[in-house]
Amino acid sequence: MSTIEKQRASELLSQAGNRSVVILGDVMLDEFIWGDVSRISPEAPVPVVDIRRESTHLGGAANVLANLVSLGVKACAIGVVGKDTSAERIRASMRQTSSCQADEMVITDESRPTTIKTRIIAHNQMVVRADRERRAPVDEQTEDRIIAAVKIALADANALIISDYDKGVVTPRILSEVLPAAYGRMPVLVDPKMRNFYAYHPATLITPNHHEALRLTGLDEDSDNSLPAAARMIRGRLSCDAVLVTRGDRGMMLLEGDRDPIYVETAAREVYDVTGAGDTVIATLGAALAAGASMTEAAVLANQAAGIVVGKLGTATASAAEVIDSIQS
């Protein structure tokens, strides 16, 4: 198992404050409807939720942006929205957080709705989630605009993060243009999905969860033997520098180069909500690697940050101070 000293974590996160990270991916809006349940509907055997309040947060790639900003990092997110009121809410929030001109980096595609995930929460548990989205790949004209925006943003960047939620914004053509433009100049991190798996190269780090890693490699057994095998297969197929497999309540497994796998034990004390935890992981990894952390140090910091956000309800972030305070002296 791997750990990090509190002083080293503080040094890295302080250095991260002088770094800039670019995110490309599926920006979306996370909408939460909070209420109570005291009866079952007479129309169907479903709970009736008495709504008490509503809240919205940046989601997807925009939540990666929010996590980076919470850590003190300068960050810029490139994505696509529709022409609707939800798009304006995303733009308004990103104007307050992004280090670049958010209006230029958030591209409007009138043929698509802005992606919204609506979660109804009662007594601190999710009752149902409703998604409004279009998952078809963006058209060629929109691809051109995305590629141009990313290349402009990369000029002053120290790391690139691909946050692929399989909503159509990350396409093989875009990846073939932006990954080679960044790799070798800065760390390139990918939070992957199945559809674009073979297009994620060149890259520094790929971060599938354990279910994705096993499906991608055709392995069935989720064990300490099969996961290293799956990670080696992924690294071989993509020629990436490292693979980090997130394992939920079992922490993480890092395979870097030809070394033996390194296991990072989960840092979560209590788990209330895993919404957005993957965004926290990739954001913290990007911040740490941009600051000069080793791959193992980055994984440990990401694990600490994830342990903080799963202890909060709704889409959440972890600050640099919270991450440092969570590390045992």
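For the structure itself, consult the block above.
Residues numbered from 1 in each chain as written. Predicted model: local features only at pLDDT ≥ 70, side-chain atom pairs only at ≥ 80, totals over all residues. Heavy atoms only, no water.

## So, the overall build of the chain
Rule in force here: Helix and strand definitions here come from DSSP, where helices need a minimum of 4 consecutive H or I residues and strands a minimum of 2 consecutive E residues; each element is numbered from the N-terminal end. Note that the radius of gyration is over C-alpha atoms, with the globule rule given as 2.2 Å times the number of residues to the power 0.38. Each residue's exposure class comes from its accessible area (1.4 Å probe, protein chains only) as a fraction of the maximum for that residue type: buried when under 20%, exposed when over 50%, partly exposed otherwise. For this analysis, residues touch if any pair of their heavy atoms sits within 4.5 Å. Using a 1.4 Å probe, the Shrake-Rupley method yields the accessible areas, and only the shown protein chains count as cover for residues. Here Asp and Glu are counted as negative and Lys and Arg as positive; His is not counted, and neither are the chain ends. In plain terms, the charge of a residue is placed at NZ if it is Lys, CZ if Arg, CG if Asp and CD if Glu.
Looking only at helices and strands, the chain features eleven helices and 13 strands. Here the C-alpha radius of gyration of the chain, 19 Å, is about what a compact globule of 329 residues would show, namely 20 Å. Projecting the C-alpha coordinates of the chain onto the three principal axes gives extents of approximately 60 × 45 × 40 Å. Counting across all 329 residues of the chain, residues that qualify as buried make up 56%. Long-range contacts, defined here as pairs at least 24 residues apart, represent 68% of the contacts in the chain between residues at least 6 apart. In the form shown here, the chain has an accessible surface area of approximately 14100 Å², with 47% of it arising from carbon and sulfur atoms. On the chain, the mean spot of the 34 positive side-chain charges and the mean spot of the 43 negative ones are 2 Å from each other.

## Considering empty space enclosed by the protein
To keep it simple, the criterion reads: Site definitions follow a grid-based scheme: protein atoms alone, a 1 Å grid, a 1.4 Å probe that fits but cannot get out for cavities, and for pockets an open set with protein on both sides within 12 Å along at least five of seven lines, plus lining residues having an atom within 4 Å of a point. Grid points are joined across faces, edges and corners, and a volume is the space filled by probe spheres set on the points. Basically, the charged four are Asp, Glu, Lys and Arg, the nonpolar ten are Ala, Val, Leu, Ile, Met, Phe, Trp, Tyr, Cys and Pro, and anything else, Gly included, counts as polar.
For the structure on display, the rule yields one cavity of 30 Å³ or more. Taken as a whole, the largest cavity spans an internal volume of roughly 60 Å³. D26, V27, V80, V81, G82, R112, P113, T115, R134, K167 and V169 are the residues that line the largest cavity. By residue class, the composition of the lining of the largest cavity is five nonpolar, two polar and four charged.

## Considerations on the sheet that holds strand β3 (residues 47–60)
So the rule is basically this: Here, any two strands with at least 2 DSSP bridges between them count as paired. Axis lines are fitted to C-alpha atoms, over the contacting stretch for helices. Their N-to-C directions set the angle, which ranges from 0 to 180 degrees.
Reading across the sheet, the four strands line up as β3-β2-β6-β7 and stay open at both edges, with mixed pairing between neighbours. Each of the sheet's edge strands pairs with one partner strand only, and the pair in question is β3 and β7 (125–132). Pairs of neighbouring strands in the sheet enclose a mean axial angle of 20 degrees, with direction left out of account. Relative to β3, strand β2 (residues 27–40) runs antiparallel, the two being bridged by 13 bridges. Among the inter-strand pairings, L29 is bridged to a residue of β3, identified as L58.

## What to know about the nonpolar core
Definition in use: Only buried residues count toward a nonpolar core. Its members are Ala, Val, Leu, Ile, Met, Phe, Trp, Tyr and Cys residues joined through side-chain atoms within 4.5 Å.
Among the nonpolar cores identified, the biggest contains 62 residues, and I23, L68 and L205 are the most heavily contacted of them. The greatest single-element share of this core, amounting to ten residues, is contributed by helix α10 (residues 295–309).

## What to know about the packing of aromatic side chains
Put simply, the rule is: Think of it this way: a Phe, Tyr or Trp ring, Trp meaning its six-membered ring, pairs with another when their centres are within 6.5 Å, and the plane angle makes it stacked under 30 degrees, edge-to-face over 60, tilted otherwise.
Summed over the entire model, instances satisfying the criterion amount to two aromatic pairs. An angle of 25 degrees between the planes, with centres 5.7 Å apart, marks the rings of F32 and W34 as stacked. As far as burial versus exposure is concerned, F32 and W34 are alike and both buried. Judged by centre distance (4.9 Å) and plane angle (70 degrees), the ring pair of F197 and Y198 falls under edge-to-face.

## Here's the deal with helix α2 (residues 61–70)
Spacing of three or four residues puts side chains on the same side of an α-helix, whose turn is 3.6 residues. Burial within α2 is extensive, with eight of its ten residues counted as buried. The set of residues buried in α2 consists of A61, A62, N63, V64, L65, A66, N67 and L68. Just downstream of α2 lies G72, where phi reads positive at about 95 degrees.

## Some thoughts on the environment of M28
Inspection of the secondary structure puts M28 in strand β2. With a relative accessible area of 1%, M28 lands in the buried category.

## Some remarks on the pattern of salt bridges
Put simply, the rule is: Between Lys or Arg on one side and Asp or Glu on the other, a salt bridge is scored when a side-chain nitrogen of the former is within 4 Å of a carboxyl oxygen of the latter.
Counting across every chain of the model gives 17 salt bridges. Two residues, R135 and D166, come together in a salt bridge whose shortest N-O distance is 2.5 Å. With R135 in the loop between β7 and α5 (140–154) and D166 in the loop between β8 (159–163) and α6 (172–182), the pair connects residues that are 31 residues apart, well separated along the chain. Of the residues examined, R135 reaches a relative accessible area of 44% and is grouped as partly exposed. What makes D166 buried here is its relative accessible area of 12%.

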